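# Close look at the chain arrangement
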Amino acid sequence: MSDVPAAIRDAYDPERLRADGHRLVDALADQLAAWQRREGVAVPWRPMDEARAAWAGQGLAGGELVGDLMAAARASTALANPRVMGHQVPPPLPSSALAELVSALVNNGMAVAEMGPAAVPIEMVVIQWMCKTLGLPAGAGGVLTSGGSLGNLTALLAMRQAKAGWNVWRDGAHAGPPLAVIVGSDAHYSVARTVRIMGWGDAGVIPAQVDREHRMTAAAVEAALARAGDRRVIGLVAAAGSTATGAFDPLPELADLAAARGLWLHVDAAHGGGLALSAAHRHRLAGIERADSVVWDAHKLLMMPALVTAVLYKAEASSYEAFAQQASYLFAGTQPSDTWWDLGQRTLECTKRAMSFELWAALRVHGEAWFGACVDRQIALTATLARKLAAAGFEVPLAPTANIVCYRHRPPGLTGAALDAHNRMVRQRVVDDGTFYIVGTQLPGGYHLRSTIMNPLIEDRDLDELVAHLQALCR
Ligand SMILES: Cc1ncc(COP(=O)(O)O)c(C=O)c1O
């Protein structure tokens, strides 16, 4: 007889996992089918004070696992409903959701390889596949981390350590002249946030104005460099798939400029990295192989559940630069590279989920070509949506280069703030109605509606119905 109290034993009972697991997977499969049939609302939105009171009112006792979890699932934004065309978050591959269950159950923290004897080598396999897919040179490497924002911070910390001209880790951020980085005016906010975290303040970001196609050209970077004043510019952050419009910066000319000026080239390919899997669209990423560092979110176009982000470096040794630290209770070597397998030396995270399982399993099961076909379909659907919107009289300021399209409704005579307010109201009505989900963004020309096509199960009729729905709401 075990001396473990029955209540403790019961929670860990493998038979309980089996029974709950079967019931939960059955319920989830039914729910997924319902979402795919477009049943229910896309976003079960209700005011947050009301929602919070309702969830709080249930208390934290008396739960029933499957019922509770399914209630939470049904109250969530239905990313698997093909009428969701909003943010850059995919309906994740069901096989990867199952892989995440395994990751949760083995719970290998993997800061040190002993705590991730499978997770570490599998992560290395995934990282090497990603480096190869982007065409990074031999000797490239990196690490997986929890999100593109953390990825940008990690890569720019490595840039600073490599390029500052003094040992920032040892002597501090301000032991030399003030530093700066050139950043496209459309860059994701996490880049500017990173610079503030590094202690460089507002002046640490020198914005380069994007052109009419929302691309940061080398000429814009030169103009920004001319505005640097007493700041020493050490790097350049390009976007390969910008958040607002999906535009790709011209990487070959930026790589030339970075090489000529001795700047670190960081490419934020959090969104667009997936285009590397598409024979038709990978040319958008030409030049990325010359970057010093790249961030690529697999939880965007690679259909992974959040979060699986790769921080890749042209020279793998750079992956130790961000955190040049010793911790004898954890890491065995005197140099980080002595124990390259202890991945905690390369990320902000100590304990880290074994996030490689999802992508590794998906690649083995579905194959690389499957991902390319998805990307092709998402981009083709986006081009079709842009055409249908334009044909229906919506303004589409920019032909989409990837899977993001911005558009607005322009009633005759409406301009400026009134036009913005009208389009904000249209979006709010879409959200309130709940049948579809779209988002919005402020472009230089004003506020625009915005759709990202993340779901490869979207059909032509969904696009027609969205356009018709918008037209009806606009009337
Ligand atoms: C270009 C770009 N970079 C970085 C991020 C941040 O990624 P994450 O949400 O994984 O932190 C995003 C998110 O949408 C993005 O579009």
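Quick caveat: nothing in here was measured; it's all calculated off a predicted structure.

A few words on the packing of aromatic side chains. All told, the structure shown has four aromatic pairs when counted by the stated rule. When the ring of Trp-370 is compared with that of Phe-371, the centres are 5.1 Å apart and the planes differ by 85 degrees; the resulting orientation is edge-to-face. Looking at Trp-370, the relative accessible area reads 29%, which means it is partly exposed. Using a relative accessible area of 1% as the deciding quantity, one classes Phe-371 as buried.

Positionally, Asp-268 belongs in strand 5 (residues 264-268). Of the side chains with opposite charge, Lys-300 comes closest to the buried, unpaired Asp-268, at an N-O distance of 7.4 Å. Every residue in contact with Asp-268, bar those within four places of it in the chain, is listed here: Asn-152, His-188, Val-191, Ala-238, Ala-239, Ala-240, Gly-241 and Val-295.

Our next topic: the packing of helix 2 (residues 14-36) against helix 4 (residues 65-74). In contact at an axis separation of 10 Å, helix 2 and helix 4 are set at 20 degrees when each is read in the N-to-C sense. It follows from the interaxial angle that helix 2 and helix 4 lie roughly parallel. Read as a crossing pair, helix 2 and helix 4 show a hand that is right-handed. Within the contact between the two elements, helix 2 uses Asp-20, Arg-23, Leu-24, Ala-27, Leu-28, Gln-31 and Trp-35 and helix 4 uses Leu-65, Val-66, Leu-69, Met-70, Ala-73 and Arg-74. Along the lines of polarity and charge, the residues of the contact of helix 2 with helix 4 split into nine nonpolar, one polar and three charged.

Right, let's talk about the packing of helix 13 (residues 368-391) against helix 15 (residues 460-474) for a bit. Put simply, helix 13 and helix 15 touch, their axes get as near as 10 Å, and they point 35 degrees apart. The handedness of the crossing between helix 13 and helix 15 comes out as right-handed. Across from Leu-381, Thr-384, Leu-385, Lys-388 and Leu-389 in helix 13, the residues of helix 15 making contact are Asp-460, Leu-463, Asp-464, Leu-466, Val-467 and Leu-470. Grouping the constituent residues of the contact of helix 13 with helix 15 by class yields seven nonpolar, one polar and three charged.

Here the residue pair Ala-306 and Leu-307 is connected by a cis peptide bond, since its omega of 0 degrees sits within 30 degrees of zero. Tracing the backbone through its elements, the reader meets Leu-307 in the loop between strand 6 (293-297) and strand 7 (309-313). Although it is not a glycine, Met-110 sits at a positive phi angle of roughly 65 degrees. Looking at where Met-110 falls in the secondary structure, it is placed in the loop between helix 5 (94-106) and helix 6 (119-134). Within the chain, His-214 stands out as a residue other than glycine whose phi angle is a positive 65 degrees. Structurally, the position occupied by His-214 is in the loop between strand 3 (205-208) and helix 10 (218-226).

Attention now moves to the layout of surface pockets. Put simply, the largest pocket is a space of about 1300 Å³. Residue lining of the largest pocket: 44 residues in total, with Leu-24, Leu-28, Pro-94, Ala-97 and Leu-98 positioned closest to the centre. Of all the secondary structure elements, the ones that give two or more residues to the lining of the largest pocket are helix 2, helix 4 and helix 5. If you tally residues by element for the lining of the largest pocket, the top one is helix 2, at twelve residues. Counted by class, the lining of the largest pocket contains 34 nonpolar, seven polar and three charged residues. Domain assignment of the residues forming the lining of the largest pocket places at least three in each of domain 1 (12-92 + 367-475) and domain 2 (108-366). Roughly 340 Å³ of volume is contained in the second largest pocket. Lining the second largest pocket are 28 residues, with His-188, Ser-190, Thr-243, Asp-268 and Ala-270 positioned closest to its centre. Contributing elements (two or more residues each) for the lining of the second largest pocket: helix 7 (148-163), helix 9 (189-197) and strand 4 (232-239). For the lining of the second largest pocket, a count of residues per class yields nine nonpolar, 14 polar and five charged.

Rules behind the numbers
Residues numbered from 1 in each chain as written. Predicted model: local features only at pLDDT ≥ 70, side-chain atom pairs only at ≥ 80, totals over all residues. Heavy atoms only, no water. Phe/Tyr/Trp six-rings, centres within 6.5 Å; stacked < 30°, edge-to-face > 60°. Buried < 20%, exposed > 50% of the residue type's maximum accessible area, 1.4 Å probe, protein only. Helix = DSSP H or I, 4+ residues; strand = E, 2+ residues; numbered from the N terminus. Lys, Arg positive; Asp, Glu negative; His and termini not counted. Salt bridge = Lys/Arg side-chain N within 4 Å of Asp/Glu carboxyl O. Contact = heavy atoms within 4.5 Å. Axes fitted to C-alpha atoms, helices over the stretch in contact; angles between N-to-C directions. Parallel < 35°, antiparallel > 145°, perpendicular 65-115°, else oblique. Left-handed = near helix turned anticlockwise from the far one by under 90°. Nonpolar A, V, L, I, M, F, W, Y, C, P; charged D, E, K, R; others polar. 1 Å grid on protein atoms, 1.4 Å probe; cavity = no way out; pocket = protein on both sides within 12 Å on 5 of 7 lines; lining within 4 Å. Points joined across faces, edges and corners; volume = space filled by probe spheres on them. Domains from an automatic or database assignment.

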